[in-house]
Amino acid sequence: MRRRLLVPALVSVLMVAAPLEASALGQSSLKDYRVHLDKLHALVESCEANASACDASAVGPDESVEIRGLGAGANANSFEAHYDWLRDVLKSARDAGNSKRGDELHGAEARLAEMAREASGVRGSAPDIAMARKHADAILEHAEFATVRDDSLWERIAALIGLWLDKLFNNVAKFGKRSPWIGPLMEWGLIGVVLLGLALWAMRALRRQRLAVRVEAAKQMEPWEEAARNWRGLAEEQAARGEWREAVHCLYWASIAVLEGRRMWTPNRSRTPREYVRLMEAGSARRGLLRQQTQGFERVWYGLRDAGRQEYERALKLHEELRVA
């Protein structure tokens, strides 16, 4: 019977003790809290200087600090400050022989300094929400934050195309489940298209390159090369009409133009054919070829002898040999 009465009594005592413990926190303002931290810092310094000054009871009770200065109430912003850790440090520091005494007190000083810095950074009045919102709205009105806009016509068309492609591939995927061959077919088909495109691109690139080479070669044609080709073309025309003497004459001057292009001498149309031969290096193959062509040219042109295809072909052969000599 006594045990049955004792249990409800203990429950009642605990229910009463709980609010008493919660209400044991002292109510402090932010200013009082800062003053309290200064006193605790002085207490730790005194303890560090003299072990007998390490009085844990001098720490004072834990406290509930209001940071808005509006008094207690449901709308007040506050926080709780507990000092059990400091009491334990002071109790341990009373033993002057404790080897960790100095480190523990330095750690307590650093923690109190950090709490003081945090308390200094807390504002004593409620923030102006309206002003903060106005400032944020002004920032968000800048152009870099204007991300919502109407899509252009091309963007809408691109979106429709994307939706159509998505629907198409979804249908292909569904069809592929029923027909497994569709996947490899599309894969090899795409590879074939890519290879065909590369082949066409390579052909066009080579064609452009050949055209560029031709144009560049035409641009870089030397005057002497053009003169030699002109004399050679004129000789072919004369030979086609049966004018063999004129054809031999044109081939001779085509050879002279080739040798002038190779800097064998400076151009001078007042020279005689034999003077051109003497300007060549003695004993060289070019001098021998030019002497033979000059002799044939003089017999036909200056000796007024009749010429035929044989003389023309002989002059043409000597001209070709001079070009490659």
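Everything numeric here is computed off the predicted structure, so don't read it as measured data. (Residues numbered from 1 in each chain as written. Predicted model: local features only at pLDDT ≥ 70, side-chain atom pairs only at ≥ 80, totals over all residues. Heavy atoms only, no water.)

S.K.: Explain the layout of surface pockets to me, and be specific about the residues and the numbers.
M.R.: For the largest pocket, the calculated volume is near 190 Å³. Listing elements by their share of the lining of the largest pocket, those giving two or more residues are α11 (285-301) and α12 (309-324). For the lining of the largest pocket, the element with the most residues is α11, which contributes six residues. Across the lining of the largest pocket, the residue classes break down as five nonpolar, four polar and five charged. (1 Å grid on protein atoms, 1.4 Å probe; cavity = no way out; pocket = protein on both sides within 12 Å on 5 of 7 lines; lining within 4 Å. Points joined across faces, edges and corners; volume = space filled by probe spheres on them. Helix = DSSP H or I, 4+ residues; strand = E, 2+ residues; numbered from the N terminus. Nonpolar A, V, L, I, M, F, W, Y, C, P; charged D, E, K, R; others polar.)

S.K.: Describe in detail the nonpolar core, supporting the description with residues and values.
M.R.: Grouped together as the largest cluster of nonpolar side chains are 24 residues, with contacts concentrated most on Y33, Y83, L86 and L90. Mapped by element, the contributors of at least two residues to this core are α2 (30-49), α3 (84-93) and α4 (101-120). Non-local contacts of L86, meaning those with residues more than four positions away in its chain, are made with L40, V44, V59 and A108. In this structure, Y252, W253, W265 and L290 belong to the second largest nonpolar core, which totals 13 residues. (Core = buried A, V, L, I, M, F, W, Y, C linked by side-chain atoms within 4.5 Å. Buried < 20%, exposed > 50% of the residue type's maximum accessible area, 1.4 Å probe, protein only. Contact = heavy atoms within 4.5 Å.)

S.K.: Could you give an account of unusual backbone geometry, with specific residues and numbers?
M.R.: Backbone geometry at R263 places phi at a positive 60 degrees, although glycine is not the residue there. Looking at where R263 falls in the secondary structure, it is placed in the loop between α9 (244-261) and α10 (273-279).

S.K.: Explain the state of the cysteines to me, using residue names and the numbers behind them.
M.R.: Tallied over the full model, the rule gives one disulfide. Here C47 connects covalently by a disulfide to C54, the sulfurs 1.6 Å from one another. Looking along the S-S bond of the C47-C54 disulfide, the torsion reads about 90 degrees, which is the right-handed sense. Each of the two residues, C47 as well as C54, counts as buried. (Disulfide = S-S within 2.5 Å.)

S.K.: Give me the lowdown on the packing of aromatic side chains, citing residues and values where you can.
M.R.: A complete count under the given rule lists eight aromatic pairs for this structure. Their ring planes at 85 degrees and their centres at 5.3 Å tell us that Y33 and F79 sit as a pair that is edge-to-face. A residue pair is termed long-range when its members are at least 10 positions apart, and Y33 in helix α2 and F79 in strand β3 (residues 78-81) qualify at 46 residues. A relative accessible area of 4% places Y33 in the buried class. (Phe/Tyr/Trp six-rings, centres within 6.5 Å; stacked < 30°, edge-to-face > 60°.)

S.K.: Explain the side chain of S28 residue by residue, including any values.
M.R.: Inspection of the secondary structure assignment puts S28 in strand β1 (residues 26-29). Its relative accessible area of 15% is what places S28 among the buried residues. Among the polar contacts made by the side chain of S28, one reaches the side chain of E63 at a distance of 2.6 Å. Those residues in contact with S28, other than ones at most four positions away along the chain, are E63, S64, V65 and E66. (Polar contact = N/O pair within 3.5 Å; in protein donor to acceptor, adjacent residues only side chain to side chain.)

S.K.: Pulling in residues and values, what's your account of the side chain of R287?
M.R.: Structurally, R287 can be placed in helix α11. Within the buried set, R287 has no salt-bridge partner at all; the shortest N-O distance to an opposite charge, 8.9 Å, is to E281. Apart from residues no more than four positions distant in its own chain, R287 is found in contact with V277, R278, M280, E281 and A282. (Lys, Arg positive; Asp, Glu negative; His and termini not counted. Salt bridge = Lys/Arg side-chain N within 4 Å of Asp/Glu carboxyl O.)

S.K.: So what's going on with the pattern of salt bridges? Residues and values would help.
M.R.: For the coordinates displayed, the defined rule picks out eight salt bridges. The closest approach of N and O atoms between R232 and E320, which form a salt bridge, is 2.4 Å. Residue R232 is found in helix α8 (residues 223-240), and its partner E320 is found in helix α12; the two are separated by 88 residues along the sequence. Accessibility expressed as a relative area gives 23% for R232, which makes it partly exposed. By relative accessible area, E320 is classed as partly exposed at 30%. Through salt bridges with shared partners, a single network forms among D62, D84 and R87.

S.K.: Can you lay out a nonpolar patch on the surface for me, pointing to particular residues and giving the numbers?
M.R.: Residues L153, W154, I157, I161, W164, L165, L168, F169 and M186 make up a contiguous nonpolar surface patch of about 940 Å² in total accessible area. Counting residues per element, the nonpolar patch draws most heavily on helix α6 (residues 153-178), which supplies eight residues. Within the secondary structure layout, I157 lies in helix α6. By relative accessible area, I157 is classed as partly exposed at 32%. (Patch = residues over 30% accessible without salt bridge, like charges linked within 9 Å, V, L, I, M, F, W, Y side chains within 5 Å. Areas by Shrake-Rupley, 256 points an atom, 1.4 Å probe, with all protein chains shown as cover.)

S.K.: A description of the confidence of the model for the protein chain should follow, citing residues and the corresponding values.
M.R.: Here the protein chain averages 79 in pLDDT, while 80% of its residues score no lower than 70. The least confident element of the protein chain is helix α1 (residues 2-22), whose mean pLDDT is 42; the most confident is α9, at 90. Scored below 50 in pLDDT, residues 1-23 shows zero contacts in the model against residues more than four places distant or in partner chains. Here residues 69-75 is modelled with pLDDT under 50, and outside its nearest four sequence neighbours on either side it reaches five contacts, counting other chains as well. (pLDDT = per-residue confidence, 0-100.)

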